[in-house]
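Spelled out from the first residue to the last, the chains are:
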Amino acid sequence: MPAQSILMSIFTLALLLPVMYRRHQRRTGVAPAAFNHRRGRLVVMAMASIVLVGMLGGTAMATDGDRDGSKTGTNIENVLPAGTAPGDAVSTLAGQTEKNRVSINVTWLMLGGILVLFMQAGFALVETGFTRAKNAAHTMMMNLVIFALGVAGWFICGYALMFGAVDQGGLLGLTPLGSAWHIGSWNVLAHSGFLLGGVAYDVSVLGFFFFQLVFMDATATIPTGAMAERWKFSSFCIWGLFASMLLYPIFGNWVWGGGWLSQLGAQGPKLGHGYLDFAGSSVVHAMGGVAAFWGAKILGPRIGKFAKDGTARAIPGHHLPMALLGTFILLVGWMGFNGGSTFAGTDLRLTVVITNTIISSAFGCLAAMCVMWRVFGKPDPSMTANGLLAGLVAITAPCAFVAPWAAAVIGVVAGILVVAAVVWVERKAKVDDPVGAVAVHGANGIWGVLALGLFADGSYGGGLNGVNGAVKGLFYGDGGQFLVQAIGATVCVVFCSLMTIAFFTILKNTAGMRVPAEVEVAGLDLHEMGALAYPDFLEAQGPVFYPVDEGSPLMADLSPPTGASIREEVGS
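Quick caveat, the model's predicted, so the values are computed rather than measured.

Rules used throughout
Every residue gets a number counted from 1 within its own chain, in the order that chain's sequence is written. Only residues with pLDDT of at least 70 get local features here, since the model is predicted, and only at 80 or more are side-chain atom pairs given and counted; chain-wide, interface and lining totals rely on the full set of residues. Each side-chain value is derived from all of the structure's non-hydrogen atoms; neither hydrogens nor water enter the calculation. Only DSSP runs of H or I reaching four residues or more are called helices, and only runs of E reaching two or more are called strands; each is numbered from the N terminus. Categorising residues by exposure relies on relative accessible area from a 1.4 Å probe, with only protein chains included: less than 20% of the type maximum marks a residue as buried, more than 50% marks it as exposed, and the intermediate range marks it as partly exposed. The contact definition used throughout considers only heavy atoms, calling two residues in contact when any of these lie within 4.5 Å. Side-chain atoms within 4.5 Å link the members of a nonpolar core, which is a set of buried Ala, Val, Leu, Ile, Met, Phe, Trp, Tyr and Cys residues. Throughout, an axis means a line fitted to C-alpha atoms (over the contacting stretch in the case of helices), and angles, computed between N-to-C directions, take values from 0 to 180 degrees. Helix crossings fall into two classes, left-handed where the near helix is turned counterclockwise from the far one by less than a right angle and right-handed where it is turned clockwise. Any residue that is not Ala, Val, Leu, Ile, Met, Phe, Trp, Tyr, Cys, Pro, Asp, Glu, Lys or Arg is counted as polar, Gly included; the first ten are nonpolar and the last four charged. Orientation categories follow fixed angle ranges, with anything under 35 degrees roughly parallel, anything over 145 roughly antiparallel, 65 to 115 roughly perpendicular, and all other angles oblique. At least two DSSP bridges between two strands are required for those strands to pair. pLDDT is defined as a per-residue confidence score from the predictor, taking values between 0 and 100. The pairing test for Phe, Tyr and Trp rings, Trp by its six-membered ring, is centres within 6.5 Å, and the orientation test on the planes gives stacked under 30 degrees, edge-to-face over 60, and tilted for anything in between. Using protein atoms alone on a 1 Å grid, points that fit a 1.4 Å probe yet trap it form a cavity, whereas open point sets bounded by protein on both sides within 12 Å along at least five of seven lines form a pocket; residues with an atom within 4 Å of a point count as lining. Grid points are joined across faces, edges and corners, and a volume is the space filled by probe spheres set on the points. Each reported salt bridge corresponds to a side-chain nitrogen of Lys or Arg within 4 Å of a carboxyl oxygen of Asp or Glu. Contacts described as polar in this section are N or O atom pairs within 3.5 Å, which, within protein, must combine one atom able to donate a hydrogen with one able to accept it, while residues neighboring in sequence count only if both atoms come from side chains.

Structural notes on the environment of Cys157
For step 1, the next point in the chain: As for its position among the elements, Cys157 is in helix H4 (residues 136–163).
For step 2, the next point in the chain: Exposure remark for Cys157: the relative accessible area of 12% places this residue in the buried category.
For step 3, the next point in the chain: Sequence-wise, Cys157 and Leu196 are 39 residues apart; in three dimensions their C-alpha atoms are separated by 8.9 Å.
For step 4, the next point in the chain: Residues in contact with Cys157, not counting those within four places in the same chain, are Phe194 and Met245.

Right under this line is the structure:
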């Protein structure tokens, strides 16, 4: 008898017991004493309850449901086309299994890309919070428009130059669009897939295009923080196209597109697995940090940042809670940044990647906080936030190759390094970086790729860049991997420095890079954007933000703006 029939019979019996008892009383015509009557009724109700509970327990213990998922989705008829011959069933099922595997990987890739795209909001909030209220709309606008500029440049030629010859057929079904330019056997640059035309109009290519696009946009965004509060918006727009069309794709091809740096393990000196950067400590962050350094250096400091004797002055940002919220958004997005870089939801190493990322960020945060507390007497929210970001940047390259204890060490070093780098950039290099982008992304991007060469423990990476065996660092017996990491880091700094020095110098002497002094004093929002982020703050746009060095050459013939004068410009 089926279990369902038995359980329904028991359920019916439980409901009928009280009815049958009352019927028995009426048929016998017995009028028992009140106490006995109540006791009999309670006994019957108790018996009914016991039967009902037993039935429910039997239902809970029934084995008809699929509790562990082992039976769900096992009907192979759902994936076999109607009329499939019995002899073709195995090959058809094998093909469908492979398609499902690739689909899982592509879905994971797209999810990771969406998380990285959301990081743009984090960058916008961090940079705007660390700058002054009179420039909030301008800073936010740069973080919005860099996305659009990046998409345009990446679509036109950036993707083709970087990934036109990449082969990810095993994970994503992605085959090369064409061959790369070579010098001998060395890959120097791809050149296929411009405007996503022809064979590039393909589901796997478009998925990979999107994922890599949001990484590129992170690089292009980094200098906007270091150069905030005095950068002409028109000049910034030219930077967005340059970064997405030339700067990022060229170095990115050398590392991720099958280029010559990645080949150093399979040919030539045969060092380790060639240059490795799992998710972009150098390709994304160090590139952005180095560009931020030279951009801010050539652009010059904000008015009032340095005293006549060269002493740096603090210029506090207007909204620390905004900056800290942006930091946490970046932390969440970084799970896609690093985790998605496995390119495969079927690669369970992604759990190690994400956990290492979290560990490093936490230890970077605490290390920076403790250093600031010990040296300056207060924990300092802004530097604590930058310590967390430094830990994220540093673990981005080695996250897949190191053990959790090493991730903690990497994070601690990053937290200390970011404080030291901020001090050096400001006091020694005399570069005005309002958000600490050079220290967070530049210094810790380099530390991250070197850390890979030290701490990789040989538990992952077999076959990477065409080299057999897992990746091992110096501490695990492969000094060659550390050497090639040092080579790659040096190439990153030198290449990016030469490119950005040339670009920003030409830009400065042609289109111009800096807003006029009177615009900088009044704030870029109104003059550059035509709109104020905080219209109610008009009265605070004047003397509150007026620089202290009235004798500075930049301040010649300037008088402090007032709320009234700004209202007249607005036309109210």
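Next comes the rest of the description.
Considering the nonpolar core
For step 1, the next point in the chain: By size, the foremost hydrophobic cluster in this structure holds 127 residues, and its most contacted members are Tyr159, Trp239 and Phe251.
For step 2, the next point in the chain: Considering every element that reaches this core, the biggest residue donor is helix H6 (residues 203–226), with 13 residues.
For step 3, the next point in the chain: Not counting the four nearest positions on each side in its chain, Phe251 is found in contact with Leu261, Tyr275, Ser282, Val283, Met287, Gly488, Val491, Cys492 and Phe495.

Quick word on the packing of helix H12 (residues 404–428) against helix H13 (residues 437–455)
For step 1, the next point in the chain: At their nearest, the axes of H12 and H13 sit 9 Å apart, and the two run at 145° to each other. In this structure, H12 crosses over H13, and the sense of that crossing is right-handed. Every residue of H13 that contacts H12 at Trp405, Ala406, Val409, Ile410, Val413, Ala414, Leu417, Val418, Ala421, Val422 and Val425 is listed here: Val438, Ala439, Val440, Ala443, Asn444, Trp447, Ala451 and Phe455.
For step 2, the next point in the chain: Residue composition of the contact of H12 with H13, grouped by class: 18 nonpolar, one polar and no charged.

Points about the packing of H4 against helix H7 (residues 233–256)
For step 1, the next point in the chain: For the pair H4 and H7, the least separation of the axes is 8 Å and the interaxial angle reads 40°. Judged on the interaxial angle alone, H7 and H4 are oblique. The handedness of the crossing between H4 and H7 is right-handed.

Comments concerning the pairing of strand S2 (residues 186–189)
For step 1, the next point in the chain: Where strand S1 (residues 181–183) lies against S2, three bridges are found, and the strand directions are antiparallel. Within S2, the residue paired with His182 across the bridge is Asn187.
For step 2, the next point in the chain: From the end of S1 to the start of S2, which pair antiparallel, there are two residues, and Gly184 there has a positive phi angle of about 65°.

Quick word on the confidence of the model for the protein chain
For step 1, the next point in the chain: Across the protein chain, the average pLDDT comes to 89, with 85% of residues at 70 or higher.
For step 2, the next point in the chain: Here residues 542–548 scores under 50 on pLDDT; set against residues more than four positions off or in separate chains, the count is 16 contacts.
For step 3, the next point in the chain: Note on residues 560–572: pLDDT under 50 across the span, and 18 contacts to partners over four residues away in sequence or across chains.

Regarding the packing of aromatic side chains
For step 1, the next point in the chain: A complete count under the given rule lists 31 aromatic pairs for this structure.
For step 2, the next point in the chain: Clustering of aromatic rings is evident, with ring pairs tying together Trp154, Tyr159, Phe163, Phe208, Phe209, Phe211, Phe215, Tyr248, Trp256, Trp334, Phe337 and Phe343.

Thoughts on the side chain of Asn253
For step 1, the next point in the chain: Mapped onto the fold, Asn253 is located in helix H7.
For step 2, the next point in the chain: What Asn253 contacts, discounting residues up to four positions off in sequence, is Leu161, Met162, Asn187, Val188, Leu189, Ala190, Gly258 and Gly259.

Considerations on empty space enclosed by the protein
For step 1, the next point in the chain: Tallying each qualifying case throughout the model produces three cavities of 30 Å³ or more.
For step 2, the next point in the chain: In this structure, the largest cavity occupies an estimated 100 Å³ of space.
For step 3, the next point in the chain: Along the walls of the largest cavity sit Phe123, Val126, Glu127, Ile222, Leu330, Asn386, Leu389, Val435, Gly436, Ala437, Val440 and His441, which together make up its complete lining.
For step 4, the next point in the chain: The set of elements that each furnish at least two residues to the lining of the largest cavity consists of helix H3 (89–129), helix H11 (381–396) and H13.
For step 5, the next point in the chain: Tallied by class, residues from the lining of the largest cavity come to eight nonpolar, three polar and one charged.

Brief notes about the pattern of salt bridges
For step 1, the next point in the chain: One pass over the structure, following the stated rule, counts six salt bridges.
For step 2, the next point in the chain: Salt-bridge contacts for Glu426 lead to Lys305; the nearest nitrogen and oxygen are separated by 2.8 Å. Residue Glu426 is located in helix H12, and its partner Lys305 is located in the loop between helix H8 (281–299) and helix H9 (320–339); the two are separated by 121 residues in the primary sequence.
For step 3, the next point in the chain: Taking the relative accessible area as the measure of exposure, Glu426 reaches 24% and is therefore partly exposed.
For step 4, the next point in the chain: Three or more residues are tied together by salt bridges with common partners; here these are Arg132, Glu229, Arg302 and Asp432.

Things to note about the side chain of Thr219
For step 1, the next point in the chain: Mapped onto the secondary structure, Thr219 falls in helix H6.
For step 2, the next point in the chain: Owing to a relative accessible area of 3%, Thr219 belongs among the buried residues under this scheme.
For step 3, the next point in the chain: Only 3.0 Å separates the side chain of Thr219 from the backbone oxygen of Val284, close enough to count as a polar contact.
For step 4, the next point in the chain: Apart from residues lying up to four places away in sequence, Thr219 is in contact with Tyr248, Val283, Val284, Met287 and Gly288.

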